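# Structural description and commentary
Spelled out from the first residue to the last, the chains are:
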Amino acid sequence: MSNCTSSVIVALDFDNIDSAKLLVKQLSPEHCRLKVGKEMFTMFGPDWVKYLNGQGFDIFLDLKFHDIPSTVAKAVKAAGQMGVWMVNVHASGGKDMIEAAKEAALKSNRPPLLTAVTVLTSMDERQFSEVYDGSDITGKVLSLASLAQHAGADGVVCSAIEANILRSRLSKDFRLVTPGIRPMGSSKDDQNRIMTPAQAMSAGVDYLVIGRPITKALEPALTLAEINASIK
């Protein structure tokens, strides 16, 4: 694992591996971690993760596993064998699935952190109501986060908007990982429940997932440095 001192996880959402490598070469593993999601992993596979590990970066493998417990456990075991720093599942997969995933993670030589996705940050109230009847976003996030904690997860992926209530209800060492982070003046893109990096850290967030504001910047390393300075 790296000696990273930053709370920033840079989301690598590229369909071109050369463009991604060019971006990565401008960053330092001491100043950020990297997230590999479904697009890049589907296109470039485990070799891409191994390449990034070889550059010294901690990797968050963001594949959001959601299946029967045995299948998810095998997937998490495979992720651990790749040497990733963090892996995630959907909390809505239930207690048995999360427990199986955690047990598999612990069998790795360097067990990855296991986080559970609560409610996607792209969801607004309308979209949420189409999926969940008789509930609200905050209530559902809290119930799923509590379930994840009791099942042995190391943290959850949630919106920074819910961070305050989660931090007040859950254990202090339970990690909060938040996408939907946008520096002041950035486009919200396809995110709906968003905060600035400083606001999110003040709310009790542990790790900030930031993609396009850094990866599409004219000077990514400078933008990352400015974000890191804003949250110290």
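What counts, and at which threshold
- Residues numbered from 1 in each chain as written.
- Predicted model: local features only at pLDDT ≥ 70, side-chain atom pairs only at ≥ 80, totals over all residues.
- Heavy atoms only, no water.
- UniProt positions renumbered as here; feature names shortened; annotations may be inferred.
- Helix = DSSP H or I, 4+ residues; strand = E, 2+ residues; numbered from the N terminus.
- Rg over C-alpha atoms; globule rule 2.2 N^0.38 Å.
- Buried < 20%, exposed > 50% of the residue type's maximum accessible area, 1.4 Å probe, protein only.
- Areas by Shrake-Rupley, 256 points an atom, 1.4 Å probe, with all protein chains shown as cover.
- Lys, Arg positive; Asp, Glu negative; His and termini not counted.
- Charge placed at Lys NZ, Arg CZ, Asp CG, Glu CD.
- Phe/Tyr/Trp six-rings, centres within 6.5 Å; stacked < 30°, edge-to-face > 60°.
- Lys NZ or Arg CZ within 6 Å of the ring centre and 35° of its normal.
- Arc of directions from axis to C-beta.
- Contact = heavy atoms within 4.5 Å.
- Axes fitted to C-alpha atoms, helices over the stretch in contact; angles between N-to-C directions.
- Parallel < 35°, antiparallel > 145°, perpendicular 65-115°, else oblique.
- Left-handed = near helix turned anticlockwise from the far one by under 90°.
- Nonpolar A, V, L, I, M, F, W, Y, C, P; charged D, E, K, R; others polar.
- Polar contact = N/O pair within 3.5 Å; in protein donor to acceptor, adjacent residues only side chain to side chain.

Going by the annotation in an unreviewed UniProt entry, the name recorded for the protein is Orotidine 5'-phosphate decarboxylase, with Glaciecola punicea ACAM 611 given as the source organism. Entered under Catalytic activity (unreviewed entry) in the UniProt record, the comment concerning the protein runs "orotidine 5'-phosphate + H(+) = UMP + CO2".

## Concerning the overall build of the protein
Tallying secondary structure elements over the protein gives 10 helices and eight strands in all. Against the globule reference of 17 Å for 232 residues, the protein gives a C-alpha radius of gyration of 17 Å, in line with a compact fold. Projected onto the principal axes, the alpha-carbon positions of the protein cover approximately 45 × 40 × 30 Å. Here the protein, with 232 residues, has 53% of them falling under the buried criterion. With an accessible surface of roughly 10600 Å², the protein has 50% of that area assigned to carbon and sulfur atoms. For the protein, the separation between the mean place of its 25 positive charges and that of its 25 negative charges on side chains is 4 Å.

## Points about the environment of lysine 25
Mapped onto the secondary structure, lysine 25 falls in the loop between α1 (17–24) and β2 (33–36). Classification of lysine 25 as exposed rests on a relative accessible area of 64%. In this structure the C-alpha to C-alpha distance between lysine 25 and isoleucine 227, which are 202 residues apart in sequence, comes to 18 Å.

## Section: the packing of aromatic side chains
Applying the stated criterion to the full structure yields three aromatic pairs. Centre to centre, the rings of tryptophan 48 and tyrosine 51 are 5.5 Å apart; their planes meet at 10 degrees, and the pair counts as stacked. With tryptophan 48 and tyrosine 51 both in helix α2 (residues 38–54), this residue pair falls three residues apart, about one helical turn. Look at tyrosine 51 and you get partly exposed, because its relative accessible area is 23%. The ring of tyrosine 51 has lysine 21 lying over it, and the distance from NZ or CZ to the ring centre is 4.6 Å. In this arrangement the basic side chain of arginine 33 is found over the ring face of tryptophan 85, its NZ or CZ atom lying 4.5 Å from the centre.

## Considerations on helix α10 (residues 220–230)
When we look at burial in α10, the residues that qualify are Pro220, Thr223, Leu224, Ile227 and Asn228. An end-on view of α10 places all buried positions within 135 degrees of arc, on one side of the element. Of the surrounding elements, those touching the buried residues of α10 are β1 (8–12), α1, α8 (197–202), β8 (207–210) and α9 (212–215).

## Section: unusual backbone geometry
A positive phi angle is found at lysine 64, which is not glycine, with a value near 50 degrees. You can see lysine 64 is positioned in strand β3 (residues 59–65).

## Concerning the packing of helix α3 (residues 69–81) against helix α4 (residues 95–106)
At their nearest, the axes of α3 and α4 sit 8 Å apart, and the two run at 30 degrees to each other. Classified by the angle their axes make, α3 and α4 are roughly parallel. The interaxial crossing formed by α3 with α4 has right-handed handedness. In this structure, α3 uses Pro69, Val72, Ala73, Val76 and Lys77 to contact α4, whose residues at the interface are Asp96, Met97, Ala100, Ala101, Ala104 and Ala105. Taken together, the residues of the contact of α3 with α4 break down into nine nonpolar, no polar and two charged.

## Structural notes on the side chain of serine 6
Along the chain, the position of serine 6 falls in the segment before β1. Within the structure, serine 6 has its side chain in polar contact with the backbone nitrogen of valine 8 (distance 2.9 Å). Leave out the neighbours within four places in its chain, and serine 6 touches Glu30, His31, Cys32, Arg33 and Asn228.

## Describing the packing of α1 against α2
As a packed pair, α1 and α2 sit with axes 12 Å apart at the nearest point and diverge in direction by 35 degrees. Our pair here, α1 against α2, has a crossing hand that is right-handed. The residues of α2 that touch α1, namely those facing Ile17, Ala20, Lys21 and Val24, are Met40, Phe44, Trp48, Tyr51 and Leu52. Residue classes in the contact of α1 with α2 are distributed as eight nonpolar, no polar and one charged.

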